[in-house]
Amino acid sequence: MPHSHLAVETSPAGFRWVRLSRPERRNALDVSLLRAVTDALAAEPRVPVLLASADPRVFCAGADLTITDAERAAVSDLVYDCCETIITRPGPVIAVLTGPAVGGGAQLAAASDLRIAGPGARLRWTGPPGLDLAVGAWLLPDLVGRATAMDLVLTGRWLEAAEALALGLVSRVCDDPEPVAAAIAADLADRGAGAGVKAVMAAGGLLDRLRAERAANRSAWARVLAAP
């Protein structure tokens, strides 16, 4: 089903754009939007996807802070469904980062197979203060090493585009990332590349760590929701 805050477009070059389009809330995720993103990624699973924003000023601000705690707990949980879909679908997912990606938004970017960033891209793996959520601990060690991952997850500090490139977290930083990402997606679509590589990359405990983080965060949210 089409979603008012998600724009999906198929390119004649054989890939699809999936654009978050909720600029008034900085593409913040509620339950319906996150499910729509997951469904869009699951559809035609062999087709390369560019996961981007309709507003170049932001990628995704994470969970919507205006929804109830119960809804935010559901968003926190559904992020892992979406990340698992990204990792297990045979077609590559390329995140196009032109602005900030926070919390769940940073998780979706990091779970993507490639990240093409603009100079204004910045990422931050943090959840609501006081909940002691793990955000990104399941996959950041594979991308940047354990020491840097601990720094990013424990401090929740901003990671700017230049540092992300130096760490290898983003593949490229360029002034106009959309046409660069589109050219990569078109090449991947033409060659039918990705399925074998992704199956190998998903092995070795990555999904086990995703599920462990999901379980830990379910427990954290359960404590919040049970509090008087």
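Just so you know, these numbers come straight off a predicted model, no measurement behind them.

### Regarding the nonpolar core
Ranked by internal contacts, the top residues of the largest apolar core, which has 58 residues, are L6, V37, L97, L123, W125, W138 and L169. Residue contributions to this core peak at 9 residues, all from helix α2 (residues 69-88). What L6 contacts, discounting residues up to four positions off in sequence, is V18, R19, L20, S21, L33, A36, V37 and A40. Listed in part, the 13 residues of the second largest apolar core include V96, I116, C174 and L188.

### A look at the pairing of strand β2 (residues 16-20)
When you tally the buried positions in β2, you get 5 out of 5 residues, the bulk of the element. Taking every second residue as pointing to the same face, both faces of β2 are buried, with R16, V18 and L20 on one and W17 and R19 on the other. Here strand β1 (residues 6-10) pairs with β2 via 5 bridges, running antiparallel. Opposite V8, over in β2, you have V18 as the bridge partner. In sequence, β1 turns back onto β2 through a hairpin of 5 residues, with G14 there showing a positive phi of about 95°. Here 5 bridges tie β2 to strand β3 (residues 49-53), and the two strands are oriented parallel to one another. Note that in β3 the partner of V18 across the bridge is L51. Since β2 and β3 lie parallel, the crossover through helix α1 (residues 31-42) that links them has a hand, and here it is right-handed.

### A word on unusual backbone geometry
Trans peptide bonds make up the majority, and among non-glycine residues the majority have a negative phi. Look at R26: it is not a glycine, yet its phi comes out positive at around 55°. Within the secondary structure, R26 sits in the loop between β2 and α1. Classification of R26 by relative accessible area gives partly exposed; the value is 42%. The phi dihedral of N27 is positive, around 60°, even though this residue is not glycine.

### What to know about the sheet that holds strand β5 (residues 100-102)
Spatially, β5-β7-β8 is the arrangement adopted by the 3 strands of the open sheet, whose pairing is mixed. Where the open sheet ends on each side, the last strands, each with one partner, are β5 and β8 (159-160). Bridge count for strand β7 (residues 122-124) against β8 is 2 bridges, and the pairing is antiparallel. Note on β8: the bridge partner recorded for R122 is E160. Those strands touched by helix α3 (residues 104-111) are β5 and β7, and its axis lies near 105° from that of β5.

### Considerations on the sheet that holds strand β6 (residues 114-117)
As summarised here, the arrangement of the 6 strands in space is β1-β2-β3-β4-β6-β9, forming an open sheet in which the pairing is mixed. In this open sheet, the two strands that pair with only one neighbour each are β1 and β9 (172-173). As judged from the 2 bridges shared by β6 and β9, these two strands associate in the parallel manner. In the sheet register, A117 faces β9, and the bridge partner there is V173.

Calculation criteria
- Residues numbered from 1 in each chain as written.
- Predicted model: local features only at pLDDT ≥ 70, side-chain atom pairs only at ≥ 80, totals over all residues.
- Heavy atoms only, no water.
- Core = buried A, V, L, I, M, F, W, Y, C linked by side-chain atoms within 4.5 Å.
- Buried < 20%, exposed > 50% of the residue type's maximum accessible area, 1.4 Å probe, protein only.
- Helix = DSSP H or I, 4+ residues; strand = E, 2+ residues; numbered from the N terminus.
- Contact = heavy atoms within 4.5 Å.
- Pairing = 2+ DSSP bridges.
- Right-handed = clockwise from strand over helix to strand, strands pointing away.
- Axes fitted to C-alpha atoms, helices over the stretch in contact; angles between N-to-C directions.

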